[in-house]
Amino acid sequence: MQAYLTLTRRELAGFFVSIAGYVTIAAVVLLMGQSFATMLVQLQGQSSHDPVTQLYYSTLYFWLVMLLACPVITMRLFALEKFSGTFETLMTAPISDLQVVLAKFTAAMVFYMLMWLPSLACILVLRRYTNHVEVFDGGLLGSTFLGIFLLGGLFMSIGCFSSALTRNQITAATISFALSYSLLLLSFLAHHHQINTDWLADVLSQVALMDHMQDFARGVVDTRHIVFYVTLTFFFLFLTLRVVESRRWK
Amino acid sequence: MNVEPMIEVCDLTKRYAGHTAVSKISFTVGRGEIVGLLGSNGAGKSTTMRILSCFLPATSGSARVAGFDVFTQADEVRRRIGYMPENNPLYPEMRVREYLKFRARLKGLGGKKSRERVDVVTEQCGLNNVTRKIIGTLSKGYRQRVGLADALVHEPELVILDEPTIGLDPNQIRSVRQLIRSLGGAHTVLISTHILPEVEMTCGRVLILHEGKILASDTLEKLMSGDGQIIVEMAAPQPVLQACFEQTGEIEYFDLVPVSGGYVRCSLTPSNGQDLRPQVFLLAKQQGWLIRELTHTHYSLEDIYLRLTKPDEEAEEEEDET
């Protein structure tokens, strides 16, 4: 436990002592602001029955943040250590492979959630200048952030896996971008198949990330979605662990 | 006191795809010894060390550290070793003290204990002036010492250092060697290098690895003693000398080179390792020849190393010549 906490703290510090962490946050804040502005322009002069959070997260920029920021956050986790050789000092310390994987994942998740904090400011601004207070209730925000958290967990675990595969950070980022983007594309396929009612359409609708996120942003917390994200996250963390362990059977 | 050897390696083999890095090596290292692993690049030094530090598994054979198997009891082994890999990788963005503290905690030391130990190794490795500095800004010598301090921070029974003095300037090399020598006794030290004088200066025992096999394993004195050569410079006519030496049975091989001032420089190899100096002196006295140099040379580690690692073809050629 001590080793896990020590390592998590170091990994987290790693994000903040390097300029890369701040650049990532700045880029994300820029995209969030853009997303916010787009939403306000859309709303101008009209009223909408959809909750603000839903409008906010159905913009293109939200997915841009997810698809770009996650690989950038996770790419250094294993690849950099392998590249610089510190992986060897790390793995010869009395610490288990599972602890290493979990510590790195935890640190990435904490950084990821901190990265989303500025979006709360957008909500506060809206609240300050409109009189529709009921649109911004806590439950809605909670479910939206739960969605962000779960989706982030999935993308982070994909990123951990990709980073463990290679010693090149760019390769790691590219692999995790490709994997998460393919997963997202399945949502489009699901929409395309909506007219059919065969089993394929059924499966696709269950894995449609965009629909899941829409539900969360509407305040709908579906246990099926939660199970989906948690299992897939664990699956990718398990794969990461196997990759880290693989040096023992190579 | 536990009498079990610190390192026990038995028939260890490591194959990478396509080639064998280490092939059926066996050796033991007792507690408190400083042992040098000597070999050219690619001889299998780093691979052996990586297996001992539980970073890589062996293809076959077994290795035990302090009685624990490196594969099945890796956690116990890792707690007992301090390992500094080749090129000494560190986190460049961390500060020295912060890094050592992190490593101490990672290796399971408590808060108070880790602070104490960090103070001790900082002092021991001469890092007092740089504790607040960022590792990336340190000179190579200081970084090397940070790596050493990290290897020592949890008071390991066994310290494994892979090429600890590579890339250092002569002063830094000297101080690192002194540090390594000072570790003997309390710690067992295994260092690898391809720099021969380093082994002569720091190690009590040498293992010579070549192409994945152990060619020699002995103390330095034993390796370097024995059949040395006698060098003598005498003012004598060369044909007479030649005749004299040919008659002497104890001389297996000799070489005569005329040098300045009418002297002849003779290198004599004794056939049974005995000291030929008194005989040479008596000969000179009898004949009334002048001697201006008479020495007994030991084989240097370099000679031994070159002789042992000479490719087979070359050795055969030499045999043909003689």
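Residues numbered from 1 in each chain as written. Chains lettered and ligands numbered in written order. Predicted model: local features only at pLDDT ≥ 70, side-chain atom pairs only at ≥ 80, totals over all residues.

Caption draft 1: A look at the overall build of chain B. Counting secondary structure elements, chain B contains 12 helices and 14 strands. Over its C-alpha trace chain B gives a radius of gyration of 25 Å, far above what one expects of a compact globule, namely 20 Å for 322 residues. Its C-alpha atoms give chain B principal-axis dimensions of about 80 × 45 × 40 Å. Taken across its 322 residues, chain B has 38% of its residues classed as buried. Pairs at least 24 apart in sequence give 66% of the contacts found in chain B among residues at least 6 apart. (Helix = DSSP H or I, 4+ residues; strand = E, 2+ residues; numbered from the N terminus. Rg over C-alpha atoms; globule rule 2.2 N^0.38 Å. Buried ≥ 20, exposed ≤ 12 C-beta atoms within 10 Å, placed from the backbone. Contact = placed C-beta atoms within 7 Å.)

Caption draft 2: Main features of the overall build of chain A. Assigned secondary structure in chain A consists of 13 helices and 0 strands. Ordering the α and β elements of chain A from the N terminus gives α-α-α-α-α-α-α-α-α-α-α-α-α. Here the C-alpha atoms of chain A give a radius of gyration of 19 Å, agreeing with the 18 Å that 2.2 N^0.38 yields for 250 residues. Structurally, chain A occupies a C-alpha span of about 60 × 45 × 30 Å along its principal axes. When burial is assessed residue by residue, chain A has 40% of its 250 residues classed as buried. Within chain A, residue pairs in contact and separated by at least 24 positions form 79% of the contacts whose partners lie at least 6 positions apart.

Caption draft 3: View of the interface of chain B and chain A. Across the contact, 20 residues belong to chain B and 20 residues belong to chain A. When residues of the side of chain B that touches chain A are traced back to their parent elements, those giving at least two are α2 (74–80) and α3 (96–106) of chain B.

Caption draft 4: Region of the structure containing the sheet that holds strand β1 (residues 7–16) of chain B. Residue and element names in this part refer to chain B. Ordered in space as β2-β1-β4-β5, the 4 strands form an open sheet in which the pairing is antiparallel. Where the open sheet ends on each side, the last strands, each with one partner, are β2 (19–29) and β5 (68–69). Two elements, β1 and β2, share 7 bridges in a ladder whose sense is antiparallel. By the bridge assignment for β2, Val9 is matched with Phe27. In this fold helix α1 (residues 45–52) packs onto β1, β2 and β4 (60–65), with an angle of close to 115° to the strand it touches most, β1. (Pairing = 2+ DSSP bridges. Axes fitted to C-alpha atoms, helices over the stretch in contact; angles between N-to-C directions.)

Caption draft 5: Structural detail: unusual backbone geometry. Of note in this structure, Asp11(B) is not a glycine but carries a positive phi near 50°. Locating Asp11(B) in the fold gives a position in strand β1.

Caption draft 6: Geometry of the domain arrangement of chain B. With domains assigned, chain B is organised as domain 1 (7–224) and domain 2 (229–297). A straight line from the C-alpha centre of domain 1 of chain B to that of domain 2 of chain B covers 46 Å. (Domains from an automatic or database assignment.)

Caption draft 7: Local environment of the packing of helix α5 (residues 76–84) of chain A against helix α9 (residues 138–165) of chain A. Residue and element names in this part refer to chain A. Following both chains from N to C, one finds α5 and α9 inclined at 15°, their axes separated by 7 Å at the closest point. By the angle between their axes, α5 is roughly parallel relative to α9. The handedness of the crossing between α5 and α9 is right-handed. Along its contact with α5, which presents Leu77, Phe78 and Ala79, the element α9 presents Cys160, Ser163 and Ala164. Looking at the contact of α5 with α9 residue by residue, the classes come out as 5 nonpolar, 1 polar and no charged. (Parallel < 35°, antiparallel > 145°, perpendicular 65-115°, else oblique. Left-handed = near helix turned anticlockwise from the far one by under 90°. Nonpolar A, V, L, I, M, F, W, Y, C, P; charged D, E, K, R; others polar.)

Caption draft 8: Fine view of the sheet that holds strand β3 (residues 34–38) of chain B. Residues and elements named next belong to chain B. The 6 strands lie next to each other as β6-β7-β8-β3-β9-β10, forming an open sheet whose pairing is mixed. With partners counted over all chains shown, the strands left at the sheet margins are β6 (81–84) and β10 (213–219), one partner each. Across the sheet, the axes of successive neighbouring strands diverge by a mean angle of 15°, strand direction being ignored. Two strands pair when backbone bridges link them, and strand β9 (residues 205–210) and β10 are joined in this way by 6 bridges, in the antiparallel orientation.

Caption draft 9: A look at the environment of Arg224(A). Position of Arg224(A) among the secondary structure elements: in helix α13 (residues 223–245). Put simply, Arg224(A) and His212(A) are 12 residues apart on the chain and 9.5 Å apart in space, counted from C-alpha to C-alpha.

Caption draft 10: Molecular detail of the pairing of β1(B). All names here are of chain B. Bridge analysis of β1 against β4 gives 5 bridges, and the strand direction is antiparallel. Residue Ile7 lies in a different strand from β4, and its bridge partner there is Val65. Counted along the chain from β1 to the antiparallel partner β2, the turn is 2 residues long, and its residue Gly18 has a positive phi close to 95°.

Caption draft 11: Highlighting α5(A). Residues and elements named next belong to chain A. When we look at burial in α5, the residues that qualify are Arg76, Leu77, Phe78, Ala79, Glu81 and Lys82. In this fold, the buried residues of α5 make contact with α4 (60–74), α6 (86–91), α7 (97–116), α9 and α10 (169–192). Gly85 sits one or two residues past α5 and shows a positive phi near 90°.

Caption draft 12: View of the environment of Met84(B). Residue and element names in this part refer to chain B. Inspection of the secondary structure assignment puts Met84 in strand β6. Residues Met84 and Ala151, spaced 67 residues apart in sequence, show a C-alpha to C-alpha distance of 6.0 Å. If sequence neighbours within four positions are ignored, Met84 has contacts with Gly147, Leu148, Ala151, Leu161, Asp162 and Pro164.

Caption draft 13: Looking closely at the environment of Glu211(B). All names here are of chain B. For Glu211, the location among the structural elements is in the loop between β9 and β10. The partly exposed category is assigned to Glu211, around which 17 C-beta atoms lie within 10 Å. The sequence separation of Glu211 and Gly39 amounts to 172 residues, and the corresponding C-alpha distance is 8.5 Å.

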